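Letter by letter, the chains look like this.
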Amino acid sequence: MFRALSSTTVRWRPLEGEGLEHLTVRPLDTPVGAAIRAESVLIGERGGVPYGVRYRIDCDALWRVFSVLVETTQGRRLHLLSDGHGHWRRADGTALPEFDGCIDVDLAGTPFTNTLPIRRLGLDRQSGTARLKMLYVPFDSFEPTVDGQHYTCLEDGKLYRYEAEDRSFTADLAVDEDGLVIDYPTLFQRLSGDHLMTFKTLDDLTDIAGKRVLVRVDLNVPVKDGQVTDTTRIERVAPTIRELSEKGAKVILLAHFGRPKGEPVEDMSLKTIAPAVEEILDQRVYFAADCIGDKAAGAIAELNDGDVLLLENTRFHKGEEKNDPAFVTALAANGDLYVNDAFSAAHRAHASTEGLAHHLPAYAGRTMQAELEALEKGLGNPKRPVVAIVGGAKVSTKIDLLQNLVKKVDALVIGGGMANTFLAAQGIDVGKSLCEHDLAETARSIVAAADAAGCAIVLPEDGVVAREFKAGADNEVVDIKAIPADAMVLDVGPKSVAAVSDWISRAETLVWNGPLGAFEIAPFDRATVAVAEHAASRTRAGALVSVAGGGDTVAALNHAEVADDFSYVSTAGGAFLEWMEGKPLPGVDILRQAK
């Protein structure tokens, strides 16, 4: 049965005495094989000709970008293009007003003859996606320049070339005899996939022997009794350090540790971390007692090609977190090149994460590169269908995340304590379960937004309840609508696990943030482990791209012993969450802008 996941209604109102000859509708970025259904309804007649026609376009896919050609009985033609968000624009680029629940197009006085639609695909750095915008240029204009973007007309007006001044790529737009743009999916794939992640990497660094390379790394690792207890973050940046060292660079590491608030704090000195870095690299790591000034300069002057030096905690200076220009200049004086390999700190516009890229040639390290490429596959330019799992205790901590995801994924699985808020918003009694009843309206608005975007919301069908929150507590599985008043839901039940697993089986991409239950305490870890094992199995079989991140998520996947089987598991914490929320990441954005 046809299911309209996306639709739009456009009301056409021609001039008096002028009828509509026909409408040509062409989908531009719907997936291959997507079905489109269109129907017209006569609004009224005037002088024996249609006064207006309401034209409804339905598509059984989530993408809904259409190019429409309107022709009237008097030979007038109008090109319109939707922007992928349910909005349409006329020839002059202005938005069309909504009227009676549909788009109202008045052809009276609209100059649209002798024009071709050329689409300007702007790069939205906040969400990491390509957004569609309209631009019309005269058909007979061969070299128009608009807003700094250069367009060249080729092959007698049948092909247009897009050239952006700040991008090293071009894209050809083929136009058919009606002036409708064709071959859009290929173009969209090229712009949103290959080029959104444009930044320089270590592959672009040649002949760096003897060069001073400032490398921002994440060494904010857990320490107990003076010993590093988890070396994961050090292990992740080791490949970048080794590669630069092997190429003969003088590798100078920049990092923060703890929150010293701009003052030296002995317990937060990176000198404590240096031995662990040295052990992982299996190489001598020198240490400087400051990151700027004479102490840093003196230590750098003593380096030989291939040596590694760790500078003191950048946050011992107030200028670090303030991104103070003077402090940035002082840091930049220590290097010839800048490499950022700390995605986990990329959501902060600090001196060592963002400021330095304005002063030195900037490159992404191997960890940064791997993280960005994995995240691009997760939400930036994913294979569809895309399923997201979001768990955790409270809706209040993930409102931005949920609101962003419903616009980008095909199904959103909500688990953990936050699922109770959504269930309560539907009138379901959740007993003594953790629940933010005051956010019921927020939950309903998120569900409404998902419905409008064609995103399925997947909530628990059953739950594992207990009267005590402790390991081994007596528990039972109940229908989600039959939660005892004196019990609390601590995990989702087997029916819910089956439903989530079924969505994963149909998906080609999975993005996961947050466990489905209280996985830290047995037996309330069963659902998270079962779903994680299923996702890992699909990933091993090459049928799924699985990207996960967030502290609890990483711990849950490690608990299930499947973290190594996922396509990518991010240890970035706050940066990963802000990426999922669609927020800008200054440390990443500046790498894309770097010349």
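Predicted model only: the values in this text are computed from it and were never measured. (Residues numbered from 1 in each chain as written. Predicted model: local features only at pLDDT ≥ 70, side-chain atom pairs only at ≥ 80, totals over all residues. Heavy atoms only, no water.)

(A) View of the overall build of the protein chain. Scanning the protein chain for helices and strands turns up 15 helices and 33 strands. The buried share of the protein chain, taken over its 595 residues, is 56%. Long-range pairs, those at least 24 residues apart, make up 68% of the contacts in the protein chain between residues at least 6 apart in sequence. Total accessible area computed for the protein chain in this model is approximately 25,500 Å², and 47% of it derives from carbon and sulfur atoms. (Helix = DSSP H or I, 4+ residues; strand = E, 2+ residues; numbered from the N terminus. Buried < 20%, exposed > 50% of the residue type's maximum accessible area, 1.4 Å probe, protein only. Contact = heavy atoms within 4.5 Å. Areas by Shrake-Rupley, 256 points an atom, 1.4 Å probe, with all protein chains shown as cover.)

(B) Looking closely at helix 12 (residues 526-540). Over its 15 residues, helix 12 extends 21 Å from the first C-alpha to the last, a length consistent with the 21 Å expected when each residue adds 1.5 Å. Taken as a whole, helix 12 has its buried residues at A527, T528, V529, V531, A532, A535, A536, R538 and T539. Against the buried residues of helix 12 lie strand 25 (386-390), strand 30 (488-492), helix 11 (494-506), strand 31 (509-513), strand 32 (545-549) and helix 13 (551-559). (Expected span 1.5 Å × (residues − 1).)

(C) Region of interest: the pattern of salt bridges. What the rule picks out here adds up to 16 salt bridges. Where E581 meets K583, a salt bridge forms, and the shortest distance between an N and an O atom there is 3.1 Å. Of the residues examined, E581 reaches a relative accessible area of 11% and is grouped as buried. Residue classification places K583 among the partly exposed positions, given a relative accessible area of 30%. (Salt bridge = Lys/Arg side-chain N within 4 Å of Asp/Glu carboxyl O.)

(D) The arrangement of the pairing of strand 25 in detail. For strand 25, a buried count of five out of five residues is recorded, marking the element as mostly surrounded by other parts of the structure. Judged by which residues are buried, strand 25 turns out to be covered on both faces: V386, A388 and V390 on one side and V387 and I389 on the other are all buried. Judged from the four bridges that link them, strand 25 and strand 26 (residues 411-414) form a sheet pairing that is parallel. Counterpart to A388 in the pairing with strand 26 is L412. Crossover connection from strand 25 via helix 8 (residues 399-405) to parallel strand 26: handedness right-handed. (Pairing = 2+ DSSP bridges. Right-handed = clockwise from strand over helix to strand, strands pointing away.)

(E) Region of the structure containing the layout of surface pockets. Size it by volume and the second largest pocket reaches roughly 800 Å³. Taken together, the residues of the lining of the second largest pocket break down into nine nonpolar, 16 polar and nine charged. (1 Å grid on protein atoms, 1.4 Å probe; cavity = no way out; pocket = protein on both sides within 12 Å on 5 of 7 lines; lining within 4 Å. Points joined across faces, edges and corners; volume = space filled by probe spheres on them. Nonpolar A, V, L, I, M, F, W, Y, C, P; charged D, E, K, R; others polar.)

(F) Quick look at empty space enclosed by the protein. According to the stated counting rule, one finds four cavities of 30 Å³ or more in the structure shown. Of the volumes computed, that of the second largest cavity is approximately 110 Å³. Around the second largest cavity, the lining is made up of 13 residues, and of these D218, D341, S344, T367 and T571 lie nearest the centre. No other element matches the three residues that helix 2 (residues 232-246) contributes to the lining of the second largest cavity. Of the residues in the lining of the second largest cavity, the class split is four nonpolar, four polar and five charged.

(G) Representation of the environment of P586 within the structure. Take P586: it is sitting in helix 15 (residues 586-593). On the basis of relative accessibility, which here comes to 22%, the residue P586 falls in the partly exposed class. Beyond its immediate chain neighbours, meaning those up to four positions away, P586 contacts A346, H347, R348, A349 and E354.

(H) Region of interest: the packing of aromatic side chains. Scanning the entire structure with this criterion turns up two aromatic pairs. Note on W512 and F566: the rings are 6.2 Å apart at their centroids and 45° apart in plane angle, and the pair reads as tilted. Of this pair, W512 sits in strand 31 while F566 sits in the loop between helix 13 and strand 33 (568-570), and the two are 54 residues apart along the sequence. For the pair formed by W512 and F566, the shared burial category is buried. Sitting above the plane of the Y568 ring, R236 keeps its charged end 5.4 Å from the centroid. Seen from the ring of W503, R506 lies directly overhead, with NZ or CZ sitting 4.1 Å from the centre. (Phe/Tyr/Trp six-rings, centres within 6.5 Å; stacked < 30°, edge-to-face > 60°. Lys NZ or Arg CZ within 6 Å of the ring centre and 35° of its normal.)

(I) Inspection of the sheet that holds strand 30 at higher detail. Within the open sheet, the three strands sit side by side as 29-28-30. Their pairing is antiparallel. Looking at the sheet topology across the chains shown, the edges are occupied by strand 29 (475-479) and strand 30. Here the average twist between neighbouring strands, direction ignored, is 40°. Across five bridges, strand 28 (residues 462-466) lies against strand 29 in antiparallel orientation. In the sheet register, V465 faces strand 29, and the bridge partner there is E476. (Axes fitted to C-alpha atoms, helices over the stretch in contact; angles between N-to-C directions.)

(J) Geometry of the nonpolar core. Ranked by internal contacts, the top residues of the largest apolar core, which has 73 residues, are F343, L356, L405 and L412. If near-sequence neighbours (up to four positions away) are discounted, L356 is found in contact with L214, L254, V328, L331, A332, Y338 and A351. (Core = buried A, V, L, I, M, F, W, Y, C linked by side-chain atoms within 4.5 Å.)

(K) A look at the side chain of S344. Positionally, S344 belongs in the loop between strand 23 (337-340) and strand 24 (362-364). Residue class for S344 comes out buried when judged on its relative accessible area of 16%. Each residue touching S344, except ones within four places of it in the same chain, is listed here: D218, A572 and A575.

(L) Highlighting unusual backbone geometry. Note that the residue after R384, namely P385, is joined by a cis bond; omega there is 5°. Within the secondary structure, P385 sits in the loop between helix 7 (366-380) and strand 25. Between A522 and the following residue, P523, the backbone shows a cis peptide bond with an omega angle of 5°. Even without a glycine there, the phi angle at N323 is positive, about 55°. Tracing the chain through its elements places N323 in the loop between helix 5 (318-322) and helix 6 (325-332).

(M) The arrangement of the packing of helix 2 against helix 3 (residues 274-281) in detail. Remark: helix 2 packs on helix 3, axes separated minimally by 10 Å, with the N-to-C direction vectors making an angle of 65°. When the axes of helix 2 and helix 3 are compared, the crossing they make is right-handed. Taken together, the residues of helix 3 that come into contact with helix 2 (itself represented by I234, E235, A238, I241 and R242) are A276, V277, I280 and L281. Of the residues belonging to the contact of helix 2 with helix 3, the class tally is seven nonpolar, no polar and two charged. (Left-handed = near helix turned anticlockwise from the far one by under 90°.)

(N) Spatial organisation of the side chain of R216. With respect to the helices, strands and loops of the structure, R216 is situated in strand 17 (residues 212-216). Within polar-contact distance, the side chain of R216 engages the side chain of S352 at 2.7 Å. Those residues within four positions of R216 in sequence are excluded, and the remaining contacts are L254, A255, H256, E320, Y338, V339, N340, D341, A342, A345, S352 and T353. (Polar contact = N/O pair within 3.5 Å; in protein donor to acceptor, adjacent residues only side chain to side chain.)

(O) Molecular detail of the environment of S505. Summarising the element assignment, S505 is placed in helix 11. In this view, S505 contacts H534 and R538; residues no more than four positions away in its chain are not counted.

(P) Seen up close, the sheet that holds strand 26. Here six strands make up an open sheet; going across it, the order is 27-26-25-31-32-33 and the pairing parallel. Of all strands in the sheet, those bounded by a partner on one side alone are strand 27 (456-458) and strand 33. Across the sheet, the mean angle separating the axes of adjacent strands is 15° when strand polarity is ignored. Here strand 25 pairs with strand 31 via five bridges, running parallel. Its bridge partner lying in strand 31, V386 is registered against T509.

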